[in-house]
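A closer look at the structure
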Amino acid sequence: MSDQQHVYPVSDAIAQRAWADRETYQAMYQHSLDDPESFWKEQAKRLEWITPPTRIKNTSFSRDNVDIRWFEDGELNVAANCLDRHLETRGDQTAIIWEGDDPNEAKHVTYRELYERTNQLANALKELGIGKGDTVTLYMPMIPEAAIAMLACARIGAVHSVVFGGFSPDAVAQRVIGADSRLVITADESVRGGKHVPLKDNVDAALTRKGTEVCQHVMVVKRTGGDIDWQQGRDLWFHEAVDKQSTECPAEAMNAEDPLFILYTSGSTGAPKGLKHTTGGYLTYAAMTHQYVFDYQEGDIYWCTADVGWVTGHSYIVYGPLANGATTLMFEGVPSYPTHGRLGEVVDKHKVNILYTAPTAVRALMAHGDKVMETSSRESLRLLGSVGEPINPEAWEWFHRVIGNGRCPLVDTWWQTETGGIMIAPLPGATDLKPGSATKPFFGIKPALVDNEGQELEGATEGNLVILDSWPGQARSIWGDHERFVQTYFSTYDGMYFTGDGCRRDEDGYYWITGRVDDVLNVSGHRMGTAEIESSLVAHTAVAEAAVVGFPHDIKGQGIYIYVTLNDGIEPSDELKKELSLWVRKDIGPIASPDVIQWAPGLPKTRSGKIMRRILRKIAANECDGLGDTSTLADPSVVDELIEHRANK
Ligand code: 6R9
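Predicted, not measured: the structure shown is a model, and the values here were computed from it.

**Considerations on the site of the ligand**
Around the ligand, the surrounding shell holds 17 residues, and the nearest of these are Asp 412, Thr 413, Thr 417, Asp 501 and Arg 527. Thr 413 has a polar backbone atom sitting 2.7 Å from a nitrogen atom of the ligand. For the ligand, an oxygen atom lies 3.3 Å from a polar atom in the side chain of Asn 522. For the ligand, whose accessible area on its own is 540 Å², the fraction buried by protein is 96%. Of all the elements in the fold, those that place two or more residues in the shell around the ligand are α11 (311–323), β20 (410–413) and β26 (511–516). In the shell around the ligand, the residues fall into six nonpolar, six polar and five charged.

Right under this line is the structure:
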């Protein structure tokens, strides 16, 4: 299909009301590249600084000295920017609309209430001895307390590390240890799609693991009142610790480069890495992108369906919208519960104007046909957004035509945990849309495509996506392991940030992300390292070796396909497949559940012993005719054997 087939031009009406029309985008983009210092100095003014920065950009991408600092002599507090400065003008405005999993449960939290509750929790944290520089792990349902906990940490200068509520006890333990957290904040249970998830039990299990002794307290929000165990002296109820506190708590003056949060994400090798995000640059960038990309206007009701456990939840449920004084909707449930009409019904119920969701959610609804939207009108919608994985043109068109009634611009936003905020995306008043393309770079972003040797490619072409210069929202390091940060992102191509994504650029300079070029899977918009799943599998006594690849999946984007070589004397069986599947779920979490397991008496390897994943990917995708060159294999016959016994028929 040609890229030119469907172009949705910017409408005059939208261009007129938008923050940026074509000319403004062009001029601002040019300014941001020509003179980043003056551009970002001006943009930093969108925040309230205790000490305004005079030193704006001090960054190096050189492999020998990766050092990224923005606004380095400025001081500010993120919670004060998200709460205090709105009190006078919008204290009674709703900051968070909470929509429960159960359609009969909802509540509105005003800016003043959010401010007071945050301060109370901040005081409770201080009482526990938590202060500037300490880390706190959050393992929370999608409830306002999740945002309150993030903001309370920010208020006293503590660093939060949010762990997605779908992760396993082992994953929690790994992250508590990695961040050296003295406190975990959680809830008794979370509720999603009518099912309860035992968060507190998971934390209990996590804290029996060796190395987690550093964690002294577990603070528990009572969400469901479900049965939980209690460890006297260690555990405390959120409401008991918080209700009694003063609603005032001074905001700590933080340097712009002090850490705000750690967020773990999967890479192509080793255990998940904790990306370190800092204060001034991150908030400037989250707020600015939220305003321009979603064309956020005063009074808009804005809904991002992500979970706060992911970066999208950090930047576009909590920090960006609250810094802008927006009303942000937080949804506890899933778009298909109790029925597939729920997404549209929530839009109608709260008169949502801006809807930001993931391709996997769109495809899941699309599979049920246009009728799933018949229970709602979605008249309030003005803008749609997509994030997390490439959106195929069919899903784009359906999202636009059916959910958006064919009249809302759809912004496909490409970015990463590492980038802190949106990097490539249309601006609704400035960029003509092409379904499937993330379109053009945001202000200050200098993307480039390079070949495998790092040579920059010009014009319409395809290559590895790199970013040539720093932007304020960028992660500064990997927590406790700067060398790994340098290795992972700056050593493949010296002087460039390597994204791990492949990308095509068309004749109009539009970017089309083609997916990861490393061993990272994207399953329903969630990043999974193949190495993580493999190391979980080989820890099972039956398994000698395992290789994990992705394969095209209609709803999830990518499915997880696993090749397992069993130890001598172990008989393959369907029971064993089930057992291995459960093993991975338990070890990492339900999002890592294998879709297909194939027994592999042998794996295709080069003579130097490297598994040839390229071949395994082809077999998993049932593209067995185009296996390419297999001459470097140590034993080509294993490939025939694998093809003959393909499990994904
Ligand atoms: C924000 C987020 C990052 C990876 C990224 C890429 C994929 C995200 C995308 C997209 C194509 C988009 N990705 N958005 N691919 N088009 N609009 O998702 O962060 O969880 O770190 O994932 O997701 O492969 O490298 P994260």
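**What to know about the pairing of strand β21 (residues 447–450)**
Where burial is concerned, the two faces of β21 agree: the one with Pro 447 and Leu 449 and the one with Ala 448 and Val 450 are both buried. Where β21 meets strand β23 (residues 461–467), four bridges bridge the pair, whose relative direction is antiparallel. Residue pairing across strands places Val 450 opposite Asn 464, the latter belonging to β23. The pairing of β21 with strand β22 (residues 456–457) spans two bridges and is antiparallel. The residue bridging Val 450 from the neighbouring strand is Glu 456, located in β22.

**A word on the pattern of salt bridges**
Summed over the entire model, instances satisfying the criterion amount to 35 salt bridges. Lys 45 is the partner of Glu 42 in a salt bridge, and the nearest nitrogen-oxygen pair spans 3.3 Å. The exposure class of Glu 42 is partly exposed, given its relative accessible area of 47%. On the accessibility criterion, Lys 45 (56% relative accessible area) is exposed. The salt bridge involving Glu 389 is made with Arg 363; its shortest N-O contact spans 3.0 Å. In this pair, Glu 389 sits in the loop between β19 (383–387) and α14 (393–403) while Arg 363 sits in helix α13 (residues 359–366), placing the two residues 26 residues apart along the sequence. Each member of the pair, Glu 389 together with Arg 363, is buried. Look at the salt bridges and you will find they share partners, linking Arg 55, Asp 67, Arg 69 and Glu 72 into a network.

**Let's talk about the pairing of strand β14 (residues 259–265)**
Side chains on a regular strand alternate between the two faces of the sheet. In terms of burial, β14 is a largely internal element, six of the seven residues being buried. Where strand β7 (residues 159–162) and β14 come together, two bridges link them in parallel fashion. Note on β14: the bridge partner recorded for Ser 161 is Ile 262. Pairing geometry for β14 and strand β15 (residues 273–278), over six bridges, is antiparallel.

**Thoughts on the sheet that holds strand β12 (residues 235–237)**
Strand order across the open sheet formed by eight strands is β12-β11-β8-β6-β7-β14-β15-β24, with mixed pairing between neighbours. One side of each edge strand has no neighbouring strand; the edge strands of this open sheet are β12 and β24 (477–478).

**Focus on the environment of Ser 268**
Topologically, Ser 268 is positioned in the loop between β14 and β15. Ser 268 sits 263 residues away from Ala 531 along the chain, and the two C-alpha atoms are 6.5 Å apart. Excluding residues that lie within four positions of it along the chain, Ser 268 makes contacts with Asp 518, Asp 519, Val 520 and Ala 531.

**As for the packing of aromatic side chains**
By the definition in use, this model includes 34 aromatic pairs. Judged by centre distance (5.4 Å) and plane angle (90 degrees), the rings of Tyr 292 and Phe 443 are edge-to-face. Of this pair, Tyr 292 sits in helix α10 (residues 280–293) while Phe 443 sits in the loop between β20 and β21, and the two are 151 residues apart along the sequence. Note on accessibility: Tyr 292 and Phe 443 belong to one class, buried. Between Trp 471 and Tyr 497, the ring centres sit 5.7 Å apart and the planes meet at 70 degrees, which makes this aromatic pair edge-to-face.

What counts, and where the lines are drawn
Residues numbered from 1 in each chain as written. Predicted model: local features only at pLDDT ≥ 70, side-chain atom pairs only at ≥ 80, totals over all residues. Heavy atoms only, no water. Near = heavy atom within 4 Å. Polar contact = N/O pair within 3.5 Å; in protein donor to acceptor, adjacent residues only side chain to side chain. Areas by Shrake-Rupley, 256 points an atom, 1.4 Å probe, with all protein chains shown as cover. Helix = DSSP H or I, 4+ residues; strand = E, 2+ residues; numbered from the N terminus. Nonpolar A, V, L, I, M, F, W, Y, C, P; charged D, E, K, R; others polar. Buried < 20%, exposed > 50% of the residue type's maximum accessible area, 1.4 Å probe, protein only. Pairing = 2+ DSSP bridges. Salt bridge = Lys/Arg side-chain N within 4 Å of Asp/Glu carboxyl O. Contact = heavy atoms within 4.5 Å. Phe/Tyr/Trp six-rings, centres within 6.5 Å; stacked < 30°, edge-to-face > 60°.

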